[in-house]
Amino acid sequence: MKGSPPNLIIAPNAGIAAYRSWLQTIELIKEIKVPAFFSDYCEEACNLATSCISSVTGASLIIPIHLNPFRQPLAVEDSALFLACYSNCFIFGK
């Protein structure tokens, strides 16, 4: 990284548990000590993501999983899940 690190990281619909490439990014976020907020489509995806983040950082979240008041108002269609799914539905942070 050249220059100064960012002041804040926002990752909408991140899919942390779905993509292994996030592991290196989470390590970098931990190293540069920048607050990071993530969102995902359903609460289960957020639970899996928090497990991934905690296993890499060794710490729990600062902002727990909660409903995002700015989520997309329409449900995501064609989902294989039988869970409520909305774009940016739940938000959490480290």
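This report concerns the structure included in the present document. (Residues numbered from 1 in each chain as written. Predicted model: local features only at pLDDT ≥ 70, side-chain atom pairs only at ≥ 80, totals over all residues. Heavy atoms only, no water.)

## Topic: helix 1 (residues 22-32)
As a reminder of what qualifies: Whether a residue is buried, partly exposed or exposed follows from its accessible area with a 1.4 Å probe, protein chains only, as a fraction of its type maximum: under 20%, in between, or over 50%, in that order. Going along the chain from the N terminus, every DSSP run of H or I of four or more residues is numbered as a helix, and every run of E of two or more is numbered as a strand. Note: the arc covers the axis-to-C-beta directions of the helix. Contacts were defined at the residue level, with two residues in contact if any of their heavy atoms lie within 4.5 Å.
Along helix 1, the positions that sit buried rather than exposed are W22, I26, I29 and I32. The buried residues of helix 1 occupy one face: seen down the axis, they fall within an arc of 135°. Helix 1 presents Q24 and E31 as exposed residues on the side facing more than 90 degrees away from its buried surface. Turning to helix 1, the residues buried within the fold contact strand 1 (9-11), strand 2 (36-40) and helix 2 (43-57). In the segment just after helix 1, K33 is the residue with positive phi, at about 55°.

## Describing unusual backbone geometry
Here the phi dihedral of N13 falls at roughly 45°; this positive angle occurs in a residue that is not glycine. On the accessibility criterion, N13 (22% relative accessible area) is partly exposed. The phi angle at N88 is positive, at roughly 60°, despite the residue not being glycine. In this structure, N88 sits in the loop between strand 3 (63-67) and strand 4 (90-93).

## Focus on the sheet that holds strand 4
So the rule is basically this: At least two DSSP bridges between two strands are needed for those strands to be called paired. A fitted line through C-alpha atoms serves as each axis, taken over the contacting stretch for helices, and the angle formed by two N-to-C directions is quoted from 0 to 180°.
Taken in spatial order, the 4 strands make up an open sheet running 1-2-4-3, and their pairing is mixed. This sheet does not close on itself; its edge strands, each paired only once, are strand 1 and strand 3. Averaged over all neighbouring strand pairs, the angle between strand axes comes to 15°, with direction disregarded. Examined bridge by bridge, strand 1 and strand 2 share 3 bridges and lie parallel to one another.

## Focus on the packing of aromatic side chains
To keep things clear, this is the line we draw: Here is the rule: rings of Phe, Tyr and Trp (six-membered ring for Trp) pair when centre to centre is within 6.5 Å. Planes less than 30 degrees apart are stacked, more than 60 are edge-to-face, and the remainder are tilted.
The final tally for this structure, using the stated rule, is 2 aromatic pairs. Look at W22 and F38: their rings are 5.8 Å apart centre to centre, the planes differ by 80°, and that puts the pair in the edge-to-face class. One end of the pair, W22, is in helix 1; the other, F38, is in strand 2, with 16 residues separating them in the sequence. The class of W22 is buried, set by a relative accessible area of 16%. For F38, a relative accessible area of 2% gives the class buried.

## What to know about the side chain of S39
For clarity, the cut-off: Any pair of nitrogen or oxygen atoms within 3.5 Å is treated as a polar contact; in protein, a donor-acceptor pairing is required on top of that, and neighbouring residues in sequence qualify only through side-chain atoms on both sides.
Position of S39 relative to the elements: it lies in strand 2. Within the structure, S39 has its side chain in polar contact with the backbone nitrogen of N13 (distance 2.8 Å). Residues within four places of S39 in sequence aside, it is in contact with A11, P12, N13, A14, N88, F90 and I91.

## Structural notes on the environment of I53
Mapped onto the secondary structure, I53 falls in helix 2. Linking I53 and A17, residues 36 residues apart in sequence, is a C-alpha distance of 9.0 Å. When sequence neighbours within four positions are dropped, the list of residues in contact with I53 reads I16, I26, F38, G58, L61, F92 and K94.

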